[in-house]
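Each chain is listed here by its residues.
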Amino acid sequence: MLSFRQLLWLFFNLAFILLSQCTHAKDLKSSCHTCKQIADNFIKGLDQTKKQNFGGGNTAWEERALSKYETSEIRLVEILENLCESSSFDCNHMVEEHEDHFETWWFKRQKKHPDLYKWFCIDTINVCCLKGTFGPDCNACVGGSERPCHGNGVCDGDGTRGGNGRCNCDHGYKGEFCLDCIDGYFNEIRNDTFSLCTECHSSCKTCTGLTNEDCEECKTGWGEDDEGACLDVNECLNDPPLCKEDQYCLNTDGSFSCKGCDKVCSGCTEAGPDKCQSCAPGYQDTEGTCTDVNECEQPEAVCTAGNQECVNNKGSYICICASGYEEQEGVCVTIPDHVDHNHELNPNQVKYTVVTTTVTEYSLKYCRCSCIR
Ligand SMILES: *[C@@H]1O[C@H](CO)[C@@H](O)[C@H](O)[C@H]1NC(C)=O
């Protein structure tokens, strides 16, 4: 039997191994990505340095100078310097680590192996694989390296030394080989190596063809008719109604929604003040449309307390104190005479005005003097 300490030790070691393998697998994919960027930037660098040290003329001397520069160490260094963003640690690290390989390729392999990506990333530093292959030994992806996942998905680790080669199917496809269709799709074409999944009619949960007559099973909100086709269920005919009293029901394909009635309505069949079942309190039916009742113009007065005035608003009215009166403890009382300040001279105000004027004049004079001088 294993002791508790031994078990613990085993557990931590296992966890460590699993964890390091996970990060390692991710590193393998990103190393290839970094390498691919480096190779791409090298080709860009070649292009950018093509016409350098070349005056544009075509004298014999210039042509000789150019051909010398084309394969020179100076040009290589210039390209190497611009391979990575200065902030990218992985890129700079990879270039530094393999600087001698770039030199080898530049001077000795370029002619025979013009594809730098293949020579450097796949065959020399072994961080990438050819398209359609994956993993340490560049094995073929599921479905084969020609058409990984039968063209209906992405092979995990495709083109890198990482991943597991399994398929991540495109939308509509499922299964290890991405040849099966998900619910709501059917196989329009299918053999051992090829599959085309097409979307079913919107009424079908599963189907064998394009129309609503080809459903194997209807989606919820749809029901089979006598001929076996899936048709929309009108939920708005449901008894009891599915919407609240101040709402109307809107049927949609496969579903329905409840919408609020106009606020002048008490119950309605559609949107708008002319689609009410009856009018809300404070509104009356005027030729089929619910309109506001003007309570202030009713024969019987509604604001009955002394010195009140009636003000109509939508759906109701309010009673306010008439002009010259103000509300105090629920009754309208006369506003005491107030002093009209506009016509009374305020000694402070006058004094203040004088001071301001003086200051302004002083600054004006001062300005004039200094300006002339
Ligand atoms: C499978 O179908 C595709 C497309 O129709 C066709 O190109 C291919 O030759 C077929 N393969 C076989 C084995 O029948």
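As annotated in an unreviewed UniProt entry, the protein chain is protein disulfide-isomerase from Oncorhynchus kisutch. The record held by UniProt for the protein chain lists under Sequence similarities (unreviewed entry) the comment "Belongs to the CRELD family." Its UniProt record gives the protein chain the following Subcellular location (unreviewed entry) comment, quoted word for word: "Membrane".

Engineer: How should the overall build of the protein chain be read in this particular structure?
Structural biologist: Helices and strands together make up the secondary structure of the protein chain, namely seven helices and 22 strands. Out of the 373 residues in the protein chain, the part that is buried amounts to 20%. For the protein chain, long-range pairs separated by at least 24 residues make up 28% of all intrachain contacts whose partners lie at least 6 apart in sequence.

Engineer: Looking at this structure, how should I read unusual backbone geometry?
Structural biologist: Peptide bonds are trans in most cases, and residues, glycine excluded, mostly fall at negative phi. With an omega dihedral of 5 degrees, the bond running from Asp-239 to Pro-240 counts as a cis peptide bond. For Cys-138, which is not glycine, the phi torsion reads 55 degrees and is therefore positive. Relative to the elements of secondary structure, Cys-138 occurs in the loop between strand S1 (133-134) and strand S2 (139-140). The exposure class assigned to Cys-138 is partly exposed, which follows from the 17 C-beta atoms found within 10 Å. At His-150, a position not held by glycine, the phi torsion is positive, near 55 degrees. Tracing the backbone through its elements, the reader meets His-150 in the loop between S2 and strand S3 (153-155).

Engineer: Would you take a moment to explain the nonpolar core for this structure?
Structural biologist: Soluble globular proteins tend to pack their nonpolar side chains together in the buried interior. Core analysis: the biggest nonpolar cluster contains 40 residues, and Cys-35, Ile-38, Ala-39, Cys-121 and Cys-128 have the highest contact counts within it. The leading source of residues in this core is helix H1 (residues 4-48), at six residues. Looking at which domains feed residues into this core, each of domain 1 (14-128) and domain 2 (204-233) supplies at least three. Counting nine residues, the second-largest nonpolar core is a separate cluster that includes Val-264, Cys-265, Cys-268 and Tyr-283.

Engineer: Could you clarify how one ought to interpret the site of the ligand in this entry?
Structural biologist: Neighbouring the ligand are the residues Ile-189, Asn-191, Asp-192, Thr-193 and Phe-194. By residue class, the composition of the shell around the ligand is two nonpolar, two polar and one charged.

Engineer: So what exactly am I meant to see when it comes to the packing of helix H5 (residues 99-109) against helix H6 (residues 116-124) here?
Structural biologist: A pair of packed helices is characterised by two quantities: the angle between their axes and the separation of those axes. The contact between H5 and H6 brings their axes to 11 Å, and the two run at 135 degrees. Here H6 runs oblique to H5, going by the angle between their axes. As for how H5 packs across H6, the hand of that crossing is right-handed. Residues His-101, Trp-105 and Arg-109 of H5 form the contact with H6, whose participating residues are Leu-116, Trp-119, Phe-120 and Thr-124.

Engineer: Would you take a moment to explain the environment of Val-311 for this structure?
Structural biologist: Following the sequence through the fold, Val-311 ends up in strand S19 (residues 308-313). Note on Val-311: 13 C-beta atoms within 10 Å, which makes it partly exposed.

Engineer: Is there a simple way to think about the pairing of S19 in this case?
Structural biologist: Consecutive side chains along a regular strand alternate between the two faces of the sheet. The pairing of S19 with strand S20 (residues 316-321) spans six bridges and is classified as antiparallel. Within the sheet, the bridge partner assigned to Val-311 lies in S20 and is Ile-318. In this antiparallel pair of consecutive strands, S19 and S20, the connection spans two residues, and Gly-315 shows a positive phi of 85 degrees.

Engineer: Is there a simple way to explain the environment of Ile-38 in this structure?
Structural biologist: Mapped onto the secondary structure, Ile-38 falls in helix H1. With 42 residues separating them in the primary sequence, Ile-38 and Leu-80 have C-alpha atoms 9.3 Å apart. Setting aside anything within four residues of it in sequence, one finds Ile-38 in contact with Leu-83, Cys-91, Met-94 and Val-95.

Engineer: Just to check I follow, could you spell out the confidence of the model for the protein chain for this structure?
Structural biologist: In regions of low pLDDT, the predicted coordinates are not meant to be interpreted in detail. The share of residues in the protein chain with pLDDT of 70 or more is 82%, and the mean pLDDT across the chain is 85. Low confidence marks residues 343-373, where pLDDT is under 50. Its contacts with residues over four positions away, or in another chain, come to one contact.

Engineer: Is there a simple way to explain H6 in this structure?
Structural biologist: Each α-helix winds once per 3.6 residues, and so residues spaced three or four apart point in a common direction. For H6, the complete set of buried residues consists of Leu-116, Phe-120, Cys-121 and Ile-122. Along the long axis of H6, the arc covered by the buried residues comes to 160 degrees, so they all point the same way. After H6 finishes, the residue Asn-126 shows a positive phi value of roughly 55 degrees.

Engineer: What's the story with the pairing of strand S8 (residues 195-199) in this structure? I'm lost.
Structural biologist: Pairing geometry for strand S7 (residues 185-190) and S8, over five bridges, is antiparallel. From the neighbouring strand, Asn-187 faces S8, where its bridge partner is Cys-197. The turn linking S7 back onto S8 is made up of four residues.

Engineer: Can you walk me through the environment of Cys-319 in this structure?
Structural biologist: Tracing the backbone through its elements, the reader meets Cys-319 in strand S20. Sequence spacing of Cys-319 and Thr-304 is 15 residues, and the spatial spacing of their C-alpha atoms is 8.8 Å. Apart from the residues lying within four places of it in its own chain, the contact partners of Cys-319 are Cys-303, Ala-305, Gln-308 and Cys-310.

Calculation criteria
Residues numbered from 1 in each chain as written. Predicted model: local features only at pLDDT ≥ 70, side-chain atom pairs only at ≥ 80, totals over all residues. UniProt positions renumbered as here; feature names shortened; annotations may be inferred. Helix = DSSP H or I, 4+ residues; strand = E, 2+ residues; numbered from the N terminus. Buried ≥ 20, exposed ≤ 12 C-beta atoms within 10 Å, placed from the backbone. Contact = placed C-beta atoms within 7 Å. Core = buried A, V, L, I, M, F, W, Y, C linked by C-beta atoms within 7 Å. Domains from an automatic or database assignment. Near = placed C-beta within 6 Å. Nonpolar A, V, L, I, M, F, W, Y, C, P; charged D, E, K, R; others polar. Axes fitted to C-alpha atoms, helices over the stretch in contact; angles between N-to-C directions. Parallel < 35°, antiparallel > 145°, perpendicular 65-115°, else oblique. Left-handed = near helix turned anticlockwise from the far one by under 90°. Pairing = 2+ DSSP bridges. pLDDT = per-residue confidence, 0-100. Arc of directions from axis to C-beta.

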